[in-house]
Amino acid sequence: MKINKIDTRHGTANQSTFSHGNCLPYTGFPWGMNYFAPSTGAARGAWWFHPEDRTFEGYRITHQPSPWMGDFSHLTMTPVAGPLPETSLWHTVSSYRPEESTFNPTQLKITQLRYQITSQLIPSMYGGILSMNYQNLSLKDNGLMLHLPGSYELQQLDDYSLELSIINFAGCEDENFTFYLKFTADQPFVLSGNLSDEDSSVRLDFKAAKQVQIHFATSFISKEQAALNLEREQDNSAETYLENAESAWNNLFSRIEIEHHNQQEVSTFYHNLYRSFLFPQTFYEFDQEHQKIHYDTSSKTVKKGPLYTNNGFWDTFRTVYPLYSLIAVDEYGDMLEGFLNSYRATGFLPKWLSPDERGLMPGTLIDAVIADAASKNIRPDLMPEFLEAMKKGATSQSENSNYGRRGTKDYLKLGYVPLTHHESVNHTLDYAFSDYCISQVAKQTGDKEISDFYAHQAKNYQNIFDSETGFMRAKDADGNFRPDFLDIRWGRDYAEGSAWQTSWSVLHDFAGLIKLHGSRENFENKLIELCNQRPNFNVEGYGFEIHEMSEMAAIEFGQVAISNQPSFHYPYLFSYIGKPWMATPLIKNLLTETFNDSPKGYPGDEDNGTMAAWYIFSSLGFYPVTAASNQYVLGIPLWDKARINLSSGQQLTILAEPNAPQQVFVNQITFTDKKVNDTFIKHEELIKGGTLKFDLGIVPNPLKYTNEQLPYSLTENSLLTDQT
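Residues numbered from 1 in each chain as written. Predicted model: local features only at pLDDT ≥ 70, side-chain atom pairs only at ≥ 80, totals over all residues. Heavy atoms only, no water.

Caption draft 1: Fine view of the sheet that holds strand 26 (residues 622–623). As summarised here, the arrangement of the 3 strands in space is 26-27-32, forming an open sheet in which the pairing is antiparallel. If you trace the sheet from one side to the other, it starts and ends with strand 26 and strand 32 (680–682), each paired once. As paired strands, strand 26 and strand 27 (residues 631–634) are joined by 2 bridges and run antiparallel to one another. Within strand 27, the residue paired with phenylalanine 622 across the bridge is leucine 634. (Pairing = 2+ DSSP bridges. Helix = DSSP H or I, 4+ residues; strand = E, 2+ residues; numbered from the N terminus.)

Dropping the structure here:
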């Protein structure tokens, strides 16, 4: 499927109380420094676009990774015609027809009915080209409005060009963090409005010109760098801009090719593939010598090397980077170097970058991104320094709560984070998982002492398990569980969920978790209870209903809240008791019932490619439950045939036969003509290429798994008694 078939409005029908993705219709390069989208409702704050709006406020240059994070370094460009009594964003709005507009990753094309202007915006990595066709011959004052929130400075350089700097951000170490732009038009213009003001607008007046083309480029470094970025692009035509954008996207789309009898489901796949290559965003540029440089907001200086932003690792570690480890290894390696540069600047590994550390969500789960890369031999040159950074995060309490772990000293002393810390259960579980990740990186770098120490620390999740209820529960510093427990109460001790959504977050040691439950049978019964109940919830922890509650309740999948990341691995837990057939109907139903290619295409927040990559993995028939294990738990593919062009240079072919809706079970799996009896497949096998063939059936085949090996576990031998 070509990129020009993608409609960027996928997952954009949202409001603050309910999410169908909380996406924005981004036009831009993969991992682009800027994105562009029509603004249709700026009065709604972070929800400034909705696909059902019929008013066009202008093209917004945006760096908003999520409405919950807000935007930074943004402004809006509005083509206008005729005299305007007011110049604010509200007074320049025009109606438009969404159904007649182009919403594509490589271009936006919109006709403003009020002004009779058809315009096209095509992006580049650092800027773009805006073409405007003024069709009302009776209007002489044809122009472009720049709506500039925050503080700004603007200078017209000559009749054809101007420089602009603007300061607005959702949160940043540098209060004067500045975004620079340079515009060059092919027609002369007169500038009107305030050239330096707060929250105002200026107008580029092209008089009677009927066709105008503007090249522009941006920079986070300086106006000179913006000019350099423009100089490298401005000789290109609109056709060349479009060819470059399409080439960049089609290169990525060619890495996975799908064949299937249901074309709408194929479309859904490629819409998710588009979403998985948007974040993190590039935050570096190239100097005069074509060397990578970036602006460091903590030291307020320009430094060498790559840098990336707009990523929340609590979400993306689960699926995005494992996907890159298969099909985008070079890009993954560059991102790792960028994340290490964030550590070098601040002294702590990043948790939620936008544009720099925002300190949101529990844990330090970039540790899993690093460990997974280490286990797959991606950027081994960086791993010794990464190990030191991970150890520092595990042992040092930052004075700034944005950085590092919270409750570090308590965790090291007690073996868990006590309930005096908000969301203490999640912190404890995430720290134990990070300790496992440290152990794995230490193993890769040859430090056995550190590896053994953190492997022991990784079992700290056991300290908050309540054998009476079968849930992870908050404890006080004296070791007492919080009283008045309710398993469906969201918040307080749990992040964006209840005990049901949190207690399975032992990604590195399900064998140990099963042992805590007493037996595989008890664990199985708990999983069945998880799935086969109503999606009820209690709001006492938050005091009100948050949107994640509403989204779980909107679909009939029990407490399997696929609408949020902590539930992503739930269907695959049945493989850890050797009964994957119990999950395959659930996986297939989640794929076909809760995802589509429409503006309501997601069951909850998409979150920087995380939910999109969950769909990609699950629809291909395997899923990366445990970082650094180098194992993918096998599921059931959705496609008749898939070809993955791996970063190793090899091709992996996946076949599913027969593949009708009623085939919801896996009868047999072969890999390169060899029968697969395990419930997982190894990364080192997949990257060599071959054919992974799923023979599907209408009833389960439990006998296939009689002598199966279970997926990776920190305590692999702890199930030997139960397996007999």
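Read on for the rest.
Caption draft 2: Broad picture of the pattern of salt bridges. Applying the stated criterion to the full structure yields 27 salt bridges. Between glutamate 606 and arginine 275 there is a salt bridge, with the nearest N and O atoms lying 3.1 Å from each other. Placement of the pair is glutamate 606 in the loop between helix 16 (584–593) and helix 17 (610–620) and arginine 275 in helix 3 (residues 263–275), with a sequence separation of 331 residues. Both residues of the pair, glutamate 606 and arginine 275, belong to the buried class. Bridged by salt links that share partners, the residues Glu257, Glu259 and Arg643 form one connected network. (Salt bridge = Lys/Arg side-chain N within 4 Å of Asp/Glu carboxyl O. Buried < 20%, exposed > 50% of the residue type's maximum accessible area, 1.4 Å probe, protein only.)

Caption draft 3: Up close: the environment of threonine 297. The topology assignment puts threonine 297 in the loop between strand 19 (292–296) and strand 20 (301–304). Exposure remark for threonine 297: the relative accessible area of 5% places this residue in the buried category. Sequence spacing of threonine 297 and glutamate 449 is 152 residues, and the spatial spacing of their C-alpha atoms is 36 Å. Those residues in contact with threonine 297 that sit more than four places away from it in its chain are Cys172, Glu173, Asp174, Phe177 and Asp356. Within polar-contact distance, the side chain of threonine 297 engages the side chain of aspartate 356 at 2.5 Å. (Contact = heavy atoms within 4.5 Å. Polar contact = N/O pair within 3.5 Å; in protein donor to acceptor, adjacent residues only side chain to side chain.)

Caption draft 4: Representation of the packing of aromatic side chains in the model. All chains considered together, the criterion is met by 53 aromatic pairs. An angle of 85° between the planes, with centres 5.6 Å apart, marks the rings of tryptophan 31 and tyrosine 324 as edge-to-face. Here the residue tryptophan 31 occupies a position in the segment before strand 1 (35–39), and tyrosine 324 occupies one in helix 5 (residues 320–327), the gap between them amounting to 293 residues. Exposure remark for tyrosine 324: the relative accessible area of 0% places this residue in the buried category. Aromatic pair phenylalanine 453 and tyrosine 454: ring centres 5.0 Å apart, planes at 90°, arrangement edge-to-face. By the ring-pair criterion, three or more aromatic residues cluster together here, those being Trp31, Phe277, Tyr284, Phe286, Tyr308, Phe313, Tyr321, Tyr324, Tyr332 and Phe339. We note arginine 318 situated over the ring of tryptophan 314; from NZ or CZ to the ring centre the distance is 5.1 Å. Taking the ring centre of tyrosine 416 as reference, the NZ or CZ of lysine 475 above it sits at 5.6 Å. (Phe/Tyr/Trp six-rings, centres within 6.5 Å; stacked < 30°, edge-to-face > 60°. Lys NZ or Arg CZ within 6 Å of the ring centre and 35° of its normal.)

Caption draft 5: Structural view of helix 15 (residues 547–554). Counted residue by residue, helix 15 has 6 buried out of 8 residues, so it is predominantly covered. Every buried residue belonging to helix 15 is among His547, Glu548, Met549, Ser550, Glu551 and Met552, and all of these are buried. As for helix 15, its buried residues are in contact with helix 12 (499–502).

Caption draft 6: Focus on the pairing of strand 15 (residues 211–219). Burial of strand 15 is extensive: 7 of the 9 residues sit out of reach of the surface. Pairing of strand 12 (residues 179–185) with strand 15, which is carried by 6 bridges, proceeds in the antiparallel orientation. Pairing of threonine 184 across the sheet is with histidine 215, part of strand 15.

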